[in-house]
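Read off the chains here:
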Amino acid sequence: MNTYNIFDTRVMIRMLEQMYTPRTFLRDTFFANRVNSESEYVDIDIRKGKRRVAPFVSRKLGHTVVERLGFTTQSIKPELIAPMMITTAEDVMKRSAGESIYGAKSPNARMGEILGRDMRDMNDMITRSEEWMCSQVLYNGKIVMKIEGEGTREIDFSNEWHFDTVDWEDVKTSCPNRNFRNWKSLISRWSGLNPDLAIVGANAMEWLYLSEEWREEQKFFQTSFANYQPKLIQDGVTFVGYIPSIGLELYKYDEWSIDPADDIEKPLADPNKIVIGCTQAYTSLIYGMIYDVAIGSFAAPRVPKSFIQQEPSARLLKLSSAPIAVPHQIDAFLTITACTRAPTEQERVAILAAQKEPVSASKKGA
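Keep in mind the model is a prediction, meaning the values are calculated, not measured. Along each chain, residues carry numbers from 1 onward, in the same order as the chain's sequence is written. Note on the predicted model: pLDDT of at least 70 is required for a residue's local features to be given, and 80 or more for side-chain atom pairs to be given and counted; whole-chain, interface and lining totals, by contrast, use all residues. Values shown for side chains rest on all heavy atoms present in the structure; no hydrogens or waters enter the calculation.

**Student:** Just checking my understanding: could you explain the sheet that holds strand β20 (residues 323–326) for this structure?
**Tutor:** The strands that make up a sheet are held in pairs by hydrogen bonds between backbone atoms, and each pair lies either parallel or antiparallel. Two strands qualify as a pair provided DSSP detects at least 2 bridges between them. Only DSSP runs of H or I reaching four residues or more are called helices, and only runs of E reaching two or more are called strands; each is numbered from the N terminus. One open sheet holds the three strands; their spatial order is β1-β15-β20, and the pairing between them is mixed. Two strands bound the open sheet, and with one partner strand each, they are β1 (34–36) and β20. In this sheet, neighbouring strand axes are inclined to one another by 25° on average, regardless of whether the strands run parallel or antiparallel. Looking at chain direction, β1 and strand β15 (residues 284–287) are connected through three bridges and run parallel. When the sheet's bridge partners are listed, arginine 34 is paired in β15 with leucine 285. Under this scheme, a helix contributes an axis fitted over its contacting stretch, all axes are lines through C-alpha atoms, and angles between N-to-C directions fall in the 0 to 180 degree range.

See below:
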């Protein structure tokens, strides 16, 4: 008779596939394509095209030789992420949180529950690392990773990435409407794709609301943003408007994670920046091969491993992954620094008063 071992790697992989994975806006929106590599190294192709026109040629010559353009390739070994949790005999003997005092479970039952919780927690940790990695690419054009035991390593796309800077803090001279139209045209020219989504940082959003040009233009256009009817899309994500003249959706993303570089909790969406991109651009979240001499090699997003330590007696559970976020079509994205801080309440009240915008007492006290 076949025995069913819940600590077998292949069994645990099936368990992971059935677990709920927290939704991650940056990863799911801009890096939805997932690739499992059959090698520890992955080839990263960066596409930089040109709008070339076919030359006219004399019928006597018959042809014109043109060079083949396309992409540049880098071979990179994704860094390993491998959190581990240890379960001791004491953990399985004592009552777990929420367990009935009178209907105590067997140690084996508790072991199965601990396995499930530990795998879920480690899976969530790796998922947050993937979201952090996508944030690094979109906002900085590079991924700076602190490798335990080795120091710091960078995967740098910033030489190819597009950045811009505007001053939205001067509400009299700022021109968000023209900025969005210009940015959309630039991305379309660079990539041949239509950018359809912008993530506006919290501070940049506040200055956008106060811009004289923006507020004046909204008086003449019945846009969703002028009516301002925000809609919750998922946890931490708010759809705040749509600019129909250029087909651009605006979102606000409120999510934080611990930065591995300094262990400080930071927003994943830089509050002072705007990211504009095309959701149809060619990007990938690539997972490198995981190899272990005890369990073999796996081309999978997550590879669990469980083994027993004899003295002191304990069961160790490890979850391994080697992800890397790759923006193959870099020209489909643009990162803009719009401000350096949020407006103060005094500045907000003064600006609205200068624009003859009545401010209620409740808003003054907010």
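**Student:** Quick question: what am I supposed to make of the confidence of the model for the chain here?
**Tutor:** Low pLDDT means the predicted atomic positions in that stretch should not be read closely. In the predicted model, the chain carries a mean pLDDT of 81, and the fraction of residues at 70 or more is 74%. pLDDT measures how confident the predictor is about each residue, on a scale from 0 to 100. Within the chain, the element-level pLDDT minimum falls on helix α10 (residues 361–364), averaging 46, and the maximum on strand β21 (residues 333–337), averaging 98. Residue contacts are counted whenever heavy atoms from the two residues lie within 4.5 Å of one another. The model gives residues 361–366 a pLDDT under 50, and that stretch makes four contacts with residues more than four places away or in other chains.

**Student:** Explain the packing of aromatic side chains here, please?
**Tutor:** Here a ring pair, both rings aromatic, is described through the centre-centre distance and the interplanar angle of the planes. Aromatic rings from Phe, Tyr and Trp, with only the six-membered ring used for Trp, were paired whenever their centres fell within 6.5 Å, and each pair was classed as stacked if the ring planes differed by under 30 degrees, edge-to-face if by over 60, and tilted otherwise. One pass over the full model with this rule turns up nine aromatic pairs. Here a set of aromatic residues connected by ring pairs shows up, and it is made of Phe25, Phe239, Tyr251 and Tyr253. For the cation-ring pair, lysine 305 lies above phenylalanine 307, with the distance from its terminal atom to the ring centre recorded as 5.0 Å. Whether a charge sits over a ring comes down to the Lys NZ or Arg CZ being within 6 Å of the ring centre and within 35 degrees of the ring normal.

**Student:** So what exactly am I meant to see when it comes to the pattern of salt bridges here?
**Tutor:** Between side chains of opposite charge, pairing is possible as soon as their charged atoms come close. The salt bridge criterion pairs a side-chain nitrogen of Lys or Arg with a carboxyl oxygen of Asp or Glu, the two atoms within 4 Å. Scanning the model with the defined rule gives 16 salt bridges in all. Across the pair glutamate 212 and lysine 172 runs a salt bridge whose closest N-O atoms are separated by 3.2 Å. Residue glutamate 212 is located in helix α7 (residues 212–218), and its partner lysine 172 is located in the loop between β7 (163–165) and α5 (176–191); the two are separated by 40 residues in the primary sequence. Of the residues examined, glutamate 212 reaches a relative accessible area of 29% and is grouped as partly exposed. Salt bridges sharing partners connect three or more residues here, namely Arg27, Asp28, Arg34, Glu130 and Arg302. Relative accessibility thresholds used throughout: buried, under 20% of the residue-type maximum; exposed, over 50%; partly exposed, between the two (1.4 Å probe, protein chains only).

**Student:** Would you take a moment to explain the side chain of threonine 24 for this structure?
**Tutor:** Locating threonine 24 in the fold gives a position in the loop between α1 (9–17) and α2 (25–30). Among the polar contacts made by the side chain of threonine 24, one reaches the side chain of arginine 27 at a distance of 3.0 Å. With residues up to four places along the chain from it excluded, the contact list for threonine 24 reads Thr127, Glu131 and Gln234. Polar contact criterion, stated in full: a pair of N or O atoms within 3.5 Å, where within protein one must be able to donate a hydrogen and the other to accept it, and residues adjacent in sequence count only if both atoms are side-chain atoms.

**Student:** Looking at this structure, how should I read the sheet that holds strand β18 (residues 303–309)?
**Tutor:** As summarised here, the arrangement of the three strands in space is β4-β19-β18, forming an open sheet in which the pairing is antiparallel. One side of each edge strand has no neighbouring strand; the edge strands of this open sheet are β4 (84–88) and β18. Each strand axis lies, on average, 20° off the axis of its neighbour in the sheet, ignoring direction. By the bridge criterion, seven bridges tie β18 to strand β19 (residues 314–320) in an arrangement that is antiparallel. Looking at β19, one finds that serine 306 is bridged to leucine 317.

**Student:** What is the right way to read α5 from this model?
**Tutor:** Residue pairs spaced three or four apart in an α-helix point in one direction, given the helix's 3.6 residues per turn. With 16 residues, α5 extends 22 Å between its outermost C-alpha atoms, agreeing within 8% with the 22 Å of an ideal straight helix rising 1.5 Å per residue. All buried positions along α5 are accounted for by Pro176, Asn177, Asn179, Phe180, Trp183, Leu186, Ile187, Ser188 and Ser191. Immediately beyond the C-terminal end of α5, within one or two residues, lies glycine 192, with a positive phi of roughly 80°. One less than the number of residues in a helix, times 1.5 Å, gives the span that helix is expected to have.

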